[in-house]
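# Examining the three-dimensional arrangement
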Amino acid sequence: MHREGRSGIFVPKISLTSTAPPMNPAFYNPLGEYKRDVMVHMVSSYAVNLTNGVRFADILAGVGAGGIRVGNESRNVGRVFLNDLNPNAMQLASLSIKQNGIGEKFTKSGEEANFFLSNHSSREERFDIIDIDPFGSPTPYLDSALRALNIGGILCATSTDGQVLCGLYPNVSLRRYGGYSLNTDYCQEIAIRLMLGSLAFAASRHNLGISPTFAHTEKHYTRIYAMVTDNSADLDGRLGFISQCNACPSRSVGPLMIGVCPDCRSTCKAAGPLWIGELFDLRILTKAVELRPEGKLEQMFIAAREEVELPATFYVTDSITSLIGSSSVPIAYAIDSLKGLGYKSSRTILNKKGFRTDACTDDIIAVFLSFRD
Ligand SMILES: C[S@@+](CC[C@H](N)C(=O)[O-])C[C@H]1O[C@@H](n2cnc3c(N)ncnc32)[C@H](O)[C@@H]1O
Ligand SMILES: [Zn+2]
C-alpha cells in the first residue's frame, strides 16, 4: 500500500518505479499527488460551509487516488462516486476504500464516462463536484458533465496535451478546444484560458454560465476549477482574444483580435477565442487559506490571492531582459519598482519568473532599464 496525503492507496507496484506509469494492470501516477492535494483542499474550501455533504464524482478514477482522498480527507463530503472502465482499477479502489474504513460513503462503477454521466443527469442524481482527469483533453466529457452537475456545482478538469495548448499545434487546439493556441512566454495562462473557453462554450450550449474559481499548471498538466451558473449571460464580455505583438512585450486582451501593435506598430499574432475573464475566485481562495493547508499549498493559495484582481496575462522577467539586452533583473525589484511608480503588480503562481501589472509596456521596460543603470 502506498501513502498519499492522509490516505492509504493500493497501487500497482510498477507505477511507483516506471517513468511513464502504465495503463495495465491499472493506472496510478505518483507525479499527480500535488494536483490531488490541491483538489482535496479545493473541495474542502467549497464544501465546508454548505449545509449538506457534497456529492463528488471521479469519473475517470484510475485506482481512485483522487476520489478516495476527497472522501477520506476533504471536509463535508457526503458521497463519492468512483468510475473507471478498467475493472482492475476498481478492484484496487475497493481495497483502498476498505483500508481507509470509508466504505459507507462510496459507490463504484465501471461504465464509459459519458454513459455514467448521462445516467446521472436527472435532477436527483446530479453531483456537486465532478472531476474529469483524462489522458489528453477533457473536452469529450464536458457536455455530459455539465448535464450531470448541480447549478452552483464545481467542474474540475485536467488537460495533459500541453503541446497543443501551448502553441505547438494551434490547429489541433482550434478543433479540440475551439480556439487557437499561441507559443508565448505566458502560454501556461493561454492554456488555462483555452480550457475555460472550451468549457464556457459548452456551458452556453446548455444555457449555463461558468465562473472560474481556480487554476494551476505543472510541467505535465493544466488544471481548471469552475463553478457552473444558471445564466449564460455570465459569459458576456468574458470570451475573446489575446493579441501579442511580434516585436515588443505589448499584448491586448479583448473581444476582437488586433492586427497592429498599439505601442510599436509591428504585426500581432492572436490566441483564441478563449476565456478573457477572471481566473480565480477571491472568496474560495480566502477560504482555502483560512483552512490552513500545509506548506507549499498554503503559499500557493496566498500567492494566488495577490494576483486575483490584476490584468490578464503575465510578463516574464527573462523575456524582457533578453529583449533589452540586459542581465537578469530580480522579480522582486521589478514588482517593487512598478508599485513605486503607482502601478499594481504581483507575482503569478503560473510561472516562477512571471509577474502581473497594469503598467504600460514603456514603463515596464523603463523599470528593467533602471536596474542596469
Ligand atoms: C489519467 S487516468 C486517471 C487518473 C486518476 N484520476 C488519478 O488521479 O490517478 C484515466 C483513467 O480513465 C480511464 N478511462 C479512459 N477512458 C475512459 C472512458 N471513456 N470511460 C471510463 N474510464 C475511462 C482509464 O482506465 C484510466 O484509468
Ligand atoms: Zn509592439
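In what follows, the structure referred to is the one given above.
Thresholds applied
Residues numbered from 1 in each chain as written. Chains lettered and ligands numbered in written order. Predicted model: local features only at pLDDT ≥ 70, side-chain atom pairs only at ≥ 80, totals over all residues. Heavy atoms only, no water. Donors = N, O, S within 2.8 Å, 3.2 Å for Na, K, Ca; no water. Tetrahedral: all angles 85-135°; square planar, octahedral: opposite > 155°, others 65-115°. Helix = DSSP H or I, 4+ residues; strand = E, 2+ residues; numbered from the N terminus. Buried < 20%, exposed > 50% of the residue type's maximum accessible area, 1.4 Å probe, protein only. Near = heavy atom within 4 Å. Polar contact = N/O pair within 3.5 Å; in protein donor to acceptor, adjacent residues only side chain to side chain. Areas by Shrake-Rupley, 256 points an atom, 1.4 Å probe, with all protein chains shown as cover. Axes fitted to C-alpha atoms, helices over the stretch in contact; angles between N-to-C directions. Parallel < 35°, antiparallel > 145°, perpendicular 65-115°, else oblique. Left-handed = near helix turned anticlockwise from the far one by under 90°. Contact = heavy atoms within 4.5 Å. Nonpolar A, V, L, I, M, F, W, Y, C, P; charged D, E, K, R; others polar. Pairing = 2+ DSSP bridges. Right-handed = clockwise from strand over helix to strand, strands pointing away. Phe/Tyr/Trp six-rings, centres within 6.5 Å; stacked < 30°, edge-to-face > 60°.

## Observations regarding the coordination of the zinc ion (ligand 2)
- Each protein donor to the zinc ion (ligand 2) is listed here as C245 (SG), C248 (SG), C261 (SG) and C264 (SG); together their distances run 2.2 to 2.4 Å.
- Classification of the site at the zinc ion (ligand 2) rests on its 4 donor atoms, whose angles at the metal span 99 to 118°, yielding the label tetrahedral.
- Considered as a linear motif, the donors of the zinc ion (ligand 2) on their single chain read C-x2-C-x12-C-x2-C. In this pair, C248 is assigned in the loop between β10 (239-245) and β11 (251-254) and C264 in the loop between β11 and β12 (268-275), connecting sequence segments 16 residues apart.
- You can call C248 buried: its relative accessible area is 14%.
- On the basis of relative accessibility, which here comes to 32%, the residue C264 falls in the partly exposed class.

## Quick look at the site of ligand 1
- Taken together, 16 residues form the shell around ligand 1, and within it R36, D84, E112, A113 and D133 come nearest.
- Backbone polar atom of A113 to a nitrogen atom of ligand 1: 2.8 Å apart, as the coordinates give it.
- Contact between ligand 1 and D133: a nitrogen atom at 2.7 Å from a side-chain N or O atom of the residue.
- With the chains in place, 90% of the 600 Å² that ligand 1 exposes on its own is no longer accessible.

## Observations regarding the side chain of R36
- Inspection of the secondary structure assignment puts R36 in helix α2 (residues 33-47).
- On the basis of relative accessible area, R36 is assigned to the buried category, the value being 8%.
- Of the polar contacts made by the side chain of R36, one reaches the side chain of E4; its length is 2.7 Å.

## Focus on the packing of α2 against helix α3 (residues 65-73)
- Here α2 crosses α3 at 40°, and the two axes come no closer than 9 Å. By the angle between their axes, α2 is oblique relative to α3. In the crossing of α2 with α3, the sense of the turn from one axis to the other is right-handed. In this structure, α2 contributes E33, R36, D37, M39, V40, V43 and S44 to the contact, and α3 contributes A65, G66, R69, V70 and E73.
- Here the contact of α2 with α3 is composed, by residue class, of 5 nonpolar, 2 polar and 5 charged.

## Considering the pairing of strand β6 (residues 127-132)
- The buried fraction of β6 amounts to 6 of the 6 residues, a majority that puts the element mostly inside the structure.
- Two elements, strand β3 (residues 54-58) and β6, share 3 bridges in a ladder whose sense is parallel. Within β6, the residue paired with D58 across the bridge is D131.
- Here β6 runs beside strand β7 (residues 149-159); their pairing, made up of 5 bridges, is parallel. Paired with D131 across the two strands is C156, which belongs to β7.
- This β-α-β element, β6 to helix α6 (residues 139-147) to β7, shows right-handed connectivity.

## Side note on the packing of aromatic side chains
- For the structure shown, the criterion picks out 10 aromatic pairs.
- Between the aromatic rings of F81 and F127, the centroid separation amounts to 5.0 Å while the plane-to-plane angle is 65°, which identifies the pairing as edge-to-face. Here F81, found in strand β4 (residues 77-83), pairs with F127, found in strand β6; they are 46 residues apart in sequence, far enough to count as distant.
- Residue F81 is classed as buried on the basis of its relative accessible area, which comes to 8%.
- Ring centres of F116 and F127 lie 5.8 Å apart, and the angle between their planes is 15°; on these two criteria the pair is classed as stacked.

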